[in-house]
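# Structural features, examined
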Amino acid sequence: MADRPVPIAEKRLMDVKLGELGSWMGGRDFTPNGIISAVRRGHDRYYNKYINVKKGGIGGIAMLLVGYVAISYLWEYDHIS
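Since we're looking at a predicted model, the values are computed, not measured.

### Brief notes about the overall build of the chain
When its secondary structure is counted, the chain shows 3 helices and 0 strands. Along the chain, helices and strands appear, N-terminal first, in the series α-α-α. Radius of gyration (C-alpha) of the chain: 18 Å, far over the 12 Å computed for a compact globule of 81 residues. Its C-alpha atoms put the chain at 45 × 40 × 25 Å along the principal axes. For the chain, the residues scored as buried account for 5% of the 81 residues in total. Total accessible area on the chain is roughly 7700 Å²; 63% of this is exposed by carbon and sulfur atoms. Positive and negative charge centroids in the chain, built from 11 and 8 side chains respectively, lie 10 Å apart.

### Observations regarding the packing of helix H2 (residues 32-51) against helix H3 (residues 59-76)
Running from N to C, H2 and H3 cross one another at 130 degrees; their axes reach a closest spacing of 8 Å. With respect to H3, the axis of H2 lies oblique. Taken together, the residues of H3 that come into contact with H2 (itself represented by Tyr46, Tyr50 and Ile51) are Gly60, Ile61, Met63 and Leu64. Considered class by class, the residues forming the contact of H2 with H3 number 6 nonpolar, 1 polar and no charged.

### Topic: a nonpolar patch on the surface
Together, Leu13, Leu18, Leu21, Met25, Phe30, Ile35 and Val39 make up an exposed nonpolar region whose accessible area comes to about 720 Å². At the level of elements, helix H1 (21-26) and H2 are the ones that each hand at least two residues to the nonpolar patch.

About the criteria used
- Residues numbered from 1 in each chain as written.
- Predicted model: local features only at pLDDT ≥ 70, side-chain atom pairs only at ≥ 80, totals over all residues.
- Heavy atoms only, no water.
- Helix = DSSP H or I, 4+ residues; strand = E, 2+ residues; numbered from the N terminus.
- Rg over C-alpha atoms; globule rule 2.2 N^0.38 Å.
- Buried < 20%, exposed > 50% of the residue type's maximum accessible area, 1.4 Å probe, protein only.
- Areas by Shrake-Rupley, 256 points an atom, 1.4 Å probe, with all protein chains shown as cover.
- Lys, Arg positive; Asp, Glu negative; His and termini not counted.
- Charge placed at Lys NZ, Arg CZ, Asp CG, Glu CD.
- Axes fitted to C-alpha atoms, helices over the stretch in contact; angles between N-to-C directions.
- Parallel < 35°, antiparallel > 145°, perpendicular 65-115°, else oblique.
- Contact = heavy atoms within 4.5 Å.
- Nonpolar A, V, L, I, M, F, W, Y, C, P; charged D, E, K, R; others polar.
- Patch = residues over 30% accessible without salt bridge, like charges linked within 9 Å, V, L, I, M, F, W, Y side chains within 5 Å.
- Salt bridge = Lys/Arg side-chain N within 4 Å of Asp/Glu carboxyl O.

Below you can see the structure in the form of structure tokens.
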């Protein structure tokens, strides 16, 4: 039995074809509440994948720290951009 087709607005970004990108972006919620909920979902996914694990290590926190250092470096030095 074949899977039912998924509406474009419900697809994840990696599953969207290039021709469907415009209609997929049109289905996103760009209101302040929509953006806040998207950031919250992203934080929850990151936390559950890298921080809230049974056998935790330093990987999740190190990834966050390296990202912070890289962004701080880019913001501080204007000669890079």
